[in-house]
Number of protein chains: 2
Amino acid sequence: MKNTRKFELTEKEMPTQWYNIHADMPNKTLPPLHPGTGLPLGPQDLVGLFPMELIKQEVSMEPFIDIPEEVLEIYKIWRPSPLIRARNLEKLLNTPAKIYYKNESVSPPGSHKPNTAVPQAYYNYKEGIKRITTETGAGQWGSALAFAAQFFGIEVKVFMVKVSYNQKPYRKSMMNVWGADVTPSPSPYTETGRKILAEDPDCPGNLGIAISEAVEMAAKDPGTKYSLGSVLNHVLMHQTIIGEEALKQFEKAQDYPDIVIGCFGGGSNFAGISFPFLRGNLRNGNKTRCIAVEPTSCPKLTRGKFMYDFGDSVGLTPLIPMFTLGHDFMPPKIHAGGLRYHGAGAIVSQLLKDKIIEAASVNQLESFDAGIKFARTEGIIPAPESTHAIAQVIKEAEKCRIEGTEKTILFNLSGHGLIDLGAYDQYFGGLLHDYETTDEEIRESLQKLEKIAV
Amino acid sequence: MKNTRKFELTEKEMPTQWYNIHADMPNKTLPPLHPGTGLPLGPQDLVGLFPMELIKQEVSMEPFIDIPEEVLEIYKIWRPSPLIRARNLEKLLNTPAKIYYKNESVSPPGSHKPNTAVPQAYYNYKEGIKRITTETGAGQWGSALAFAAQFFGIEVKVFMVKVSYNQKPYRKSMMNVWGADVTPSPSPYTETGRKILAEDPDCPGNLGIAISEAVEMAAKDPGTKYSLGSVLNHVLMHQTIIGEEALKQFEKAQDYPDIVIGCFGGGSNFAGISFPFLRGNLRNGNKTRCIAVEPTSCPKLTRGKFMYDFGDSVGLTPLIPMFTLGHDFMPPKIHAGGLRYHGAGAIVSQLLKDKIIEAASVNQLESFDAGIKFARTEGIIPAPESTHAIAQVIKEAEKCRIEGTEKTILFNLSGHGLIDLGAYDQYFGGLLHDYETTDEEIRESLQKLEKIAV
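Just so it is clear, the structure is predicted and the values come from calculations on it, not from any experiment.

Trainee: Please provide a residue-by-residue account of the packing of aromatic side chains, values included.
Mentor: Applying the stated rule across the entire model yields 45 aromatic pairs over all chains. With centroids separated by 5.8 Å and ring planes inclined at 70°, the aromatic side chains of Trp78(B) and Phe147(B) adopt a geometry described as edge-to-face. Residue Trp78(B) is found in the loop between helix H2 (69-75) and strand S4 (83-85), and its partner Phe147(B) is found in helix H5 (residues 140-149); the two are separated by 69 residues along the sequence. The two residues Trp78(B) and Phe147(B) agree in class, both being buried. Pairing Phe368(B) with Tyr424(B) gives two aromatic rings, centres 5.2 Å apart and planes at 80°, and the pair type is edge-to-face. Here Phe368(B) is found in helix H15 (residues 364-378), whereas its partner Tyr424(B) is found in helix H17 (residues 421-428), with 56 residues between them in sequence. On the basis of relative accessibility, which here comes to 1%, the residue Phe368(B) falls in the buried class. Aromatic rings pair up to connect Phe7(A), Tyr100(A), Phe250(A), Tyr256(A) and Phe277(A) into one cluster. It is Arg85(A) that lies over the ring of Tyr100(A); its NZ or CZ is 5.7 Å from the centre. Just above the ring of Phe306(B) sits the side chain of Lys353(B); from NZ or CZ to the centre is 5.2 Å.

Next up, the structure:
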């Protein structure tokens, strides 16, 4: 293995099943609750929004689910993604640790998001759906769904938070190139949007409003479904292709990770890289530490509370058992837009509650500093989200140096930062800073939550 | 090979030599001439600008040159690049042709440029050089050199055409992340720049001025050398790693191209993909057609003249025997900035003169239309430069459909368009148009050239 840098799989070696960790969890997740009645949700409550196959996957207890042939064909455009030994970063850190990363930035939209966008588009297509609505903040998810849906002739309507629509024109352009229709939200196309615009024509929008618009449009039209890019069980499961590939690649490397690290927004990229390794912990007594890394300014895992909360900010979605800061919590405007989310998916929350995974947090400035160290050694400019994972890797690798332990560390490079270069500019210009989230703020936001009658 | 999409090589299978086509050419290139004396240039004339190893490569007649171990190590960050069968595009075009592309967009800077930036930085490093100057227009070359030089601790000073510096902030940001110093040109740091700014403080700059500034700074400081991203023999040779890999990948595909297509600016990506296949033509009597595709608005290959001309617009560089429109020719502002160059490298020009390669031209609107077809079938958004190759591929594939011939077509996807999405926006907005270059314009520009005393 001397000097080998990339551990690659051929198309033929690509895993053909996703891993459903729910089957192996000692404690299953609590059921989601209907936002109106507070009663456990049945599959029929979701039929208006999702195709039946995804609803089945959402509640499945099968440990493995076959990836359809048509999905594998599209995965092959960029998968299997390489596992890379970060030899230059190791050298810079002068650490005995071995650092590997899974490079998910190689997908055409530049992130791990298409891993679930493609199967979601496929299952909708199989059930005759001609149109999907979704929301997007910074645009990573919207562009992944636009990319995926075109292969199945499905129209995509993206509600993009208006302030991002104006600030991040390149993401909107990507969606247009792939044929999606992008509307700044709030929009005049939904009741929610019209109501908000009537009150405040200059409303800059937020993710909660965009979700409401996308859900409303899908709910009102039987031929239209809705799609979400993180949080839900089936979304996290689709991402396990990342870790399943990594398992095979570590065989080729004749190595195995002691530590697996992923940044954390709703949980999808962290789940994707870590769940297949957690299988080894749960079934075979392996001791791989899996660390979810969030921004210190949005600390649901490290400082939030485990309770039922809405998936959106408005209160339209089912109540999910999760680590949360309260759906009213407004994260500061850090550049890692994909990590600005108040809660965590149900499975990841249960795993954290049961101490099967760990959580850590990283500040904005140290994350950019880590991102630049990575770009200047490994050559790839990471997305602001991914820099959080890198910052944690550096901490662990430095601990190895101090302790003189040769640990094997794996992290997920969830995306590249080529569409986020403005953020790096601001960092170099000294315009970025860290945000302090006080205990008071978190307590207040959670107090409102406790008043929800469930 | 049924359904195989990607033909990949492992790191171990990566070619370890570049191919120098000059060795196999029936007619060698005419010698470059000194801009002052008009006499053939000797190696000593270039010592101030380039390290000796690159000067040797520039004039070498060895058919193969070993790629240094240190360069191979960095190539491995993104190489070998995949050869991909464009099955979805074939389906869209309903053609019996088989279409393959070499995906050079997978490099961290997003284009083929690092294939030469890395060895250029390496040979400078080996000779103790601590600083390199270069110019960049849209920023592809500057970012590739910034990426490459950091691995060898070399400082890079990029003179970026001022109008691009202001219009394309993301390219500048990329260079900053990789540690390069980027200055809008004309700048106050050179005599050339100061003189121009004194006359016109608002001068928007152009590539000719930027070259002059970079060359002046390198020439005045013995510890500083200069680097160029295309045109020169050694630059084209470094790019042959693309075609050498493709040769091995076609063995795996059990196929061989009848037609090889690359877009054409100064010649480097076209040379990279085609020269190794031309070796089969020159040595073994193969009949692969190699087509260089230029914009119709900058038609040096299809409507220019073969004569001695300067490499830059100002007249500081040696005189090179080339197909040219005249160094005064001002190409219209098409979005394929990398193809806006008045001339062609000496080797490619000689090959065209000897009818060993072919040339074709494509309009701006048809190139964007082709780029969108590609993005919506193969999923990758191509650089505006690369869309010219794709447009030609579509023409050839349609000819195959009409004639019912099953040809194998290979093209080079020289880069992705993620930093150029503004151009796609303008296309969708109906803001782009084609440019007519009249015979009169070309004649005028060439007439001035004929007055150069050589």
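Trainee: Could you give an account of the sheet that holds strand S7 (residues 155-161) of chain A, with specific residues and numbers?
Mentor: Residue and element names in this part refer to chain A. The sheet built from 4 strands is open, its strands ordered S8-S7-S6-S9 with parallel pairing. Taken across any chain shown, the strands that pair with only one partner, and hence form the sheet edges, are strand S8 (181-185) and strand S9 (224-226). Here the strands of the sheet are splayed against their neighbours by 25° on average, with no regard to which way each runs. Looking at chain direction, strand S6 (residues 131-136) and S7 are connected through 6 bridges and run parallel. Paired with Glu135 across the strands is Phe159, a residue of S7. Packing of helix H5 (residues 140-149) onto the sheet brings it into contact with S6 and S7, and relative to S6 it is tilted by some 160°.

Trainee: An account of the nonpolar core is requested, with residue identities and associated values reported.
Mentor: With 82 residues, the main nonpolar core has Ile381(A), Trp18(B), Tyr75(B), Val118(B), Phe275(B), Leu351(B) and Leu410(B) as its most contacted residues. Among the elements that line this core, the one with the most residues is H5(B), at 7 residues. Counting residues in each nonpolar core, the second largest holds 81 residues, with Leu145(A), Val177(A), Ala180(A) and Ala423(B) among its members.

Trainee: Please set out the side chain of Arg85(B) residue by residue, giving values where relevant.
Mentor: Residue and element names in this part refer to chain B. Along the polypeptide, Arg85 turns up in strand S4. Overall, Arg85 belongs to the buried group, its relative accessible area being 12%. Those residues within four positions of Arg85 in sequence are excluded, and the remaining contacts are Thr4, Arg5, Phe7, Glu90, Lys98, Ile99, Tyr100 and Glu378.

Trainee: Tell me what's going on with the relation of the copies chain B and chain A, and back it up with residues and numbers.
Mentor: Once chain B has been moved 0.0 Å along the axis and rotated by 180°, it coincides with chain A to within an RMSD of 0.0 Å. On the angle and the small slide along the axis, the relation comes out as a two-fold axis. Both copies share a contact surface, since 98% of the interface residues of chain B are interface residues in chain A too.

Trainee: Let's hear about the interface of chain B and chain A: which residues, and what values?
Mentor: Taken together, the 44 residues of chain B in the interface contact 43 residues of chain A. Interface area for chain B against chain A, summed over the two sides, is near 3600 Å², with a carbon-plus-sulfur share of 54%. Three residues, Tyr170(B), Val177(B) and Leu418(B), lead the burial of chain B against chain A; their summed loss comes to 17% of the area buried on that side. Put simply, chain B and chain A have 0 salt bridges between them. At the surface where chain B touches chain A, the tally comes to 22 residue pairs in polar contact (both at pLDDT 80 or more). Secondary-structure elements contributing two or more residues to the side of chain B that touches chain A are helix H7 (169-177), H15 and H17 of chain B. Broken down by element, the side of chain B that touches chain A gets its largest block of residues, 7 residues, from H7(B). Split into classes, the residues belonging to the side of chain B that touches chain A amount to 21 nonpolar, 11 polar and 12 charged.

Trainee: Describe the domain arrangement of chain A, naming the residues involved and giving the relevant values.
Mentor: Residue and element names in this part refer to chain A. Examined at the domain level, chain A breaks down into domain 1 (78-110 + 234-447) and domain 2 (114-228). Computed over C-alpha atoms, the centres of domain 1 and domain 2 are 25 Å apart. Counting from both sides, the interface comprises 18 residues of domain 1 and, opposite them, 21 residues of domain 2. Buried area between domain 1 and domain 2, both sides added, is near 1700 Å², and the carbon and sulfur share of it is 64%. Counting the surface domain 1 buries against domain 2, the share from its top three residues, Pro109, His238 and Ile419, is 35%.

Trainee: Account for the sheet that holds strand S15 (residues 408-413) of chain A, naming residues and giving values.
Mentor: All names here are of chain A. The mixed open sheet is built from 7 strands, whose spatial order is S1-S4-S5-S15-S10-S11-S14. The strands lining the two open edges of the sheet, one partner per strand, are strand S1 (6-7) and strand S14 (358-362). Along the sheet, helix H12 (residues 268-284) contacts strand S5 (98-103), strand S10 (259-263), strand S11 (289-295) and S15; its crossing angle with S10, the most-contacted strand, is approximately 160°. Contacts from helix H16 (residues 384-403) reach S5, S10, S11, S14 and S15, with the element oriented near 150° to S10.

Trainee: Explain unusual backbone geometry to me, and be specific about the residues and the numbers.
Mentor: The amide bond that connects Ser185(A) to the next residue, Pro186(A), takes the cis arrangement and shows omega of 10°. Counting through the fold element by element, Pro186(A) comes out in the loop between S8 and helix H8 (191-199). In this structure, Asn94(B) takes a positive phi of about 50° despite not being glycine. Along the chain, Asn94(B) falls in the loop between helix H3 (87-93) and strand S5 (98-103). Classification of Asn94(B) as exposed rests on a relative accessible area of 58%.

Trainee: Mind laying out the environment of Ala121(B), listing which residues take part and the relevant values?
Mentor: Residue and element names in this part refer to chain B. As for its placement among the helices and strands, Ala121 is situated in helix H4 (residues 114-126). Here the alpha-carbon distance between Ala121 and Val71, two residues 50 residues apart in the chain, equals 9.3 Å. Apart from residues lying up to four places away in sequence, Ala121 is in contact with Ile132, Ala148, Ala149, Phe152 and Ile154.

Trainee: Any chance you could break down helix H16 (residues 384-403) of chain B for me, citing the residues and the numbers?
Mentor: Residues and elements named next belong to chain B. Along its 20 residues, H16 runs 29 Å from first to last C-alpha, staying within 8% of the 28 Å computed at 1.5 Å per residue. Along H16, 14 of the 20 residues are buried, which leaves the element largely enclosed by surrounding structure. Count one or two residues on from H16 and you reach Gly404, which has phi positive near 65°.

Trainee: How would you sum up the pairing of S7(A)? Please name residues and give values.
Mentor: Residue and element names in this part refer to chain A. In terms of burial, S7 is a largely internal element, 6 of the 7 residues being buried. For the crossover from S6 across H5 to S7, the handedness is right-handed. The pairing of S7 with S8 spans 5 bridges and is parallel. Note on S8: the bridge partner recorded for Met160 is Pro184.

Conventions and cut-offs
- Residues numbered from 1 in each chain as written.
- Chains lettered and ligands numbered in written order.
- Predicted model: local features only at pLDDT ≥ 70, side-chain atom pairs only at ≥ 80, totals over all residues.
- Heavy atoms only, no water.
- Phe/Tyr/Trp six-rings, centres within 6.5 Å; stacked < 30°, edge-to-face > 60°.
- Helix = DSSP H or I, 4+ residues; strand = E, 2+ residues; numbered from the N terminus.
- Buried < 20%, exposed > 50% of the residue type's maximum accessible area, 1.4 Å probe, protein only.
- Lys NZ or Arg CZ within 6 Å of the ring centre and 35° of its normal.
- Pairing = 2+ DSSP bridges.
- Axes fitted to C-alpha atoms, helices over the stretch in contact; angles between N-to-C directions.
- Contact = heavy atoms within 4.5 Å.
- Core = buried A, V, L, I, M, F, W, Y, C linked by side-chain atoms within 4.5 Å.
- Least-squares fit on C-alpha atoms with pLDDT ≥ 70 in both.
- Buried area = accessible area lost by both parts, 1.4 Å probe.
- Salt bridge = Lys/Arg side-chain N within 4 Å of Asp/Glu carboxyl O.
- Polar contact = N/O pair within 3.5 Å; in protein donor to acceptor, adjacent residues only side chain to side chain.
- Nonpolar A, V, L, I, M, F, W, Y, C, P; charged D, E, K, R; others polar.
- Domains from an automatic or database assignment.
- Expected span 1.5 Å × (residues − 1).
- Right-handed = clockwise from strand over helix to strand, strands pointing away.

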